[in-house]
Each structure stands twice: as structure tokens, then as C-alpha cells.
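# Observations on the three-dimensional arrangement
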Amino acid sequence: AFAPGASPGLRSSNTPQTRLCSTRRTASLTGAKMGLFDGIFGGGNAAPPVGDIAQVAGGWVSPEFMRGFTFDTASPAALPAVGFATLGGVKAGQVPGNGGPAKENQDGVLNIAELVDGVQMYCVFDGHGENGGSVTQWAIENLPGYVGQAVQSGRAGELLNRVTDAYRQADSALETALTYKIVEDSGSTVATALVKGDLLLVAGLGDSRVVLGVVNDDGSLAAQAVTRDQSPVVPAEKSRIDRSGGEVREEGPGGRVYAKGKSYPGLAVARALGDGDAKNYGVTVDPQFIGWKVRPGQDFALILASDGVWNALGNENVVEIVGGYRASRDPTAAAQAVVQVARQAWEENAKGRIDDITCLVLLL
């Protein structure tokens, strides 16, 4: 049995929270145009019986394929080359390098080469709130157990439902383990990729985004958005929040969730782990799914990153940077380059606070 919580996570006070991962330094950087705080806000609908596949765009992935998605039909393929990098952020008013206490890096990375039945699991987490780091750490240690059970038992037509249930069960267990007081106003977004052979299944929760690097027929590179940021202003998200006694106020680029007529909780995402108070007003832990067969010669990289990357650079610039490492097949150098360029963009364009920045690259 794949028992939740069976494998411990790794954590230090101001380093990224990781499991089964390692990093190494690289000085190589690829330049990119800065698109600071460019946002992409997509839509979503109420979850259909096989899981929420509302983000599947017509013409790229067939909804029928998604409804019957199963890893049972995967063809053998080489494991992707995997690397990640991260930099902790800076609090508003803090001067980087002044010798003061470092801001806790609430981002986290998960890299499991064998989850169950030949399936690999990769995640990027982005904790928020006073206890966001604790939520991220708990999820690193426990979410794989729930997802592993779902993959093991989910057959065609059932898998997406099972994974959705796994997220719900994990969210409930999170509150029990850490207590409601800890998760009341703290949580984490999650970008997840499950891989087996030539099949990919991506689950998006919040605004930790997944983007696919694609080679066009003429050899140029393109960015294919795989997940959509689940911001409160997205019509389907807003509708669910309104029905649940909450309201969305147009604060910031994606809005915030509040109890109707109240000053709390003020959450900037519509889906997340934790955030117990916001769950009373329409915030959900149900992920949105998209899955497909890798297109040989076309799909070259899958990029998972926290919003500290996407808000600074945008999809196309990140793919451009990662594309510079196709020949060397060095995903760690690619991820490090993305993080360094994103941090430079924050330092040059943002005022005060700098977000945690984390990127995980799969070279397919």
C-alpha cells in the first residue's frame, strides 16, 4: 500500500522545501525580455463527473481523451531530465544582503522518480500566509501518498475523480494535522505533473503555472499554456464564490476573495491547499486537469514554476530561456537561469517586496 506520510520531506529554515531533489550552481544565464507582472487569466466551469477538465482547449487536447484518461495505455519512453532552482524573496522594506534575518522561502519542490506503477510525480508549491511554509512542508511529505493511491486505483474514466478525491482528502488531513488555527489564513498553491512513458497529466491548483515548450515547424520556439491561473476574477471561479457566500473584489490583477460585506479573508487565488477560512466562501482544493501524449520532435520541455517566475517574465520568455539548454540537456542550468533572470526583473521593476521564485524543468 502507498501510505500517506510514509516518506519524510527535507527542510531548512531559509532554503526551499524539497523532497528527493538536489540542486547545483551554474553561472550560465540566457537573456530574455522582461514582461513584469504580465498575467494570464483563464476560465473554468463546474467540475464534470470525471474531474475538472474545463481548461482543456478545443483543437489541442480532446475532451473525450481526457474523460477516459489512463496511464494504462502509456508507451515506453526515456525518463525526462529534471532540474530545479529557487531563490527566497525579500520582505517589503528589507534590504537584500544587509545581514538581517532571511525571509522564509515558502516555495517547495517535489521530484519523485517512482510514485507508483512507473508513474513519476513532480510539483512546485507556493505557500502563502503566516504559516504557508508549514503548509508547503506538510504537502511535500503527504500529498504524494494520497495521489499515489489514486493513481494505483484509478482506471480509465475514474482517474481524474480519484486524484480530485486525493486532493480533498489531503486538504482535510492537513487541517487535522496542523490544526485549523494554523491553516485558517495560510495555504499553498500547487502545480503537479504526473508522467509515465509518453503520457503527461497536469493538475493545476491556484497560480503556480505549468507551461509547455514547443518547437514549431520552422524550428522556432513557442509557449503553450498548460494550466490557467485560477484567479478569483475568472468568471467560473467568481460564480462559485458568489454562490458560497463570498464575493470577489477587484484588488490587484486577479481580484481577492472576501466573505460578503466583510474584511476577510482577502485571498488572491480561488483554489488552494489549506486556507480554511476561505473554504467557507467558495475557495476549493479541486485541481483542474489536462493530459496528453508527448508529441515527439515538438514538445521539448515542461516547466512548472511559482508565480514569482510567471509574474516577472511571462510564458514566452521562460520558454526562450529554457530553449537555450536543449542541446546541453541540462535542466538544472535551465531552471537556474530562469530563476536568476526573474529575480533580476523583480529587482529592477518591483518596489519593496520580492516574491519567492521557483522553477522546475523537465526536458522531454
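Residues numbered from 1 in each chain as written. Predicted model: local features only at pLDDT ≥ 70, side-chain atom pairs only at ≥ 80, totals over all residues. Heavy atoms only, no water.

## Things to note about the confidence of the model for the protein
Convention followed: Looking at any residue, its pLDDT shows the predictor's confidence there, from 0 to 100. For this analysis, residues touch if any pair of their heavy atoms sits within 4.5 Å.
Of the residues in the protein, 81% reach a pLDDT of 70 or more, and the chain-wide mean stands at 85. Every residue in residues 1-15 is under pLDDT 50, and counting partners more than four places away or in other chains gives 34 contacts.

## A look at the sheet that holds strand β7 (residues 209-215)
Operational definition: Pairing between two strands requires that DSSP report at least two bridges joining them. Starting at the N terminus, helices and strands are each numbered in turn, a helix being any DSSP run of H or I of at least four residues and a strand any DSSP run of E of at least two. In this description, a line fitted to the C-alpha atoms serves as the axis of each element, helices being fitted only across the stretch in contact, and the angle between N-to-C directions of two axes falls anywhere from 0 to 180 degrees.
Strand order in this open sheet of 5 strands is β2-β15-β14-β7-β8, and the pairing throughout is antiparallel. Of all strands in the sheet, those bounded by a partner on one side alone are β2 (81-87) and β8 (221-225). Geometrically, the sheet is characterised by an average inter-axis angle of 20° between neighbouring strands, direction not taken into account. Pairing between β7 and β8: 5 bridges, direction antiparallel. Bridge pairing in β8 places Val214 opposite Ala222.

## Considerations on the pairing of strand β3 (residues 107-116)
This is how the line gets drawn: Burial classification: accessible surface area is computed with a 1.4 Å probe over protein chains only, and a residue below 20% of its type maximum counts as buried, one above 50% as exposed, and the rest as partly exposed.
Buried residues dominate β3, accounting for 8 of its 10 residues. When β3 meets strand β4 (residues 119-128), the two strands line up antiparallel, connected through 7 bridges. Looking across to β4, one finds that Gly108 is bridged to Phe125.

## Thoughts on unusual backbone geometry
Of the consecutive residues Tyr264 and Pro265, the connecting peptide bond is found in the cis state with omega at -5°. Looking at the element boundaries, Pro265 is found in strand β11 (residues 265-267). Of note in the backbone geometry, Asp275 takes a positive phi value of approximately 50° without being a glycine. Structurally, the position occupied by Asp275 is in the loop between β12 (273-274) and β13 (288-293).

## Regarding the packing of aromatic side chains
The following threshold applies: When the centres of two rings from Phe, Tyr and Trp lie within 6.5 Å, Trp using its six-membered ring, the rings pair. Their planes under 30 degrees apart give stacked, over 60 give edge-to-face, and anything left gives tilted. Criterion for a charge above a ring: Lys NZ or Arg CZ within 6 Å of the ring centre, and within 35 degrees of the ring normal.
Tallied over the full model, the rule gives 2 aromatic pairs. Seen from their ring centres, Phe69 and Phe71 are 5.2 Å apart, and the 90° between their planes marks the pair as edge-to-face. We note that Phe69, like Phe71, is buried. By way of ring pairs, the aromatic residues Phe65, Phe69 and Phe71 are connected into one cluster. Cation over ring: Arg249 sits above Tyr258, and NZ or CZ is 4.0 Å from the ring centre. Positioned above the aromatic ring of Phe300, the side-chain terminus of Arg326 is 5.2 Å from the ring centre.

## Here we look at the environment of Thr136
Along the chain, the position of Thr136 falls in helix α2 (residues 132-153). The buried category is assigned to Thr136, whose relative accessible area is 0%. It is 7.0 Å that separates the C-alpha atoms of Thr136 and Asp107, two residues lying 29 residues apart in sequence.

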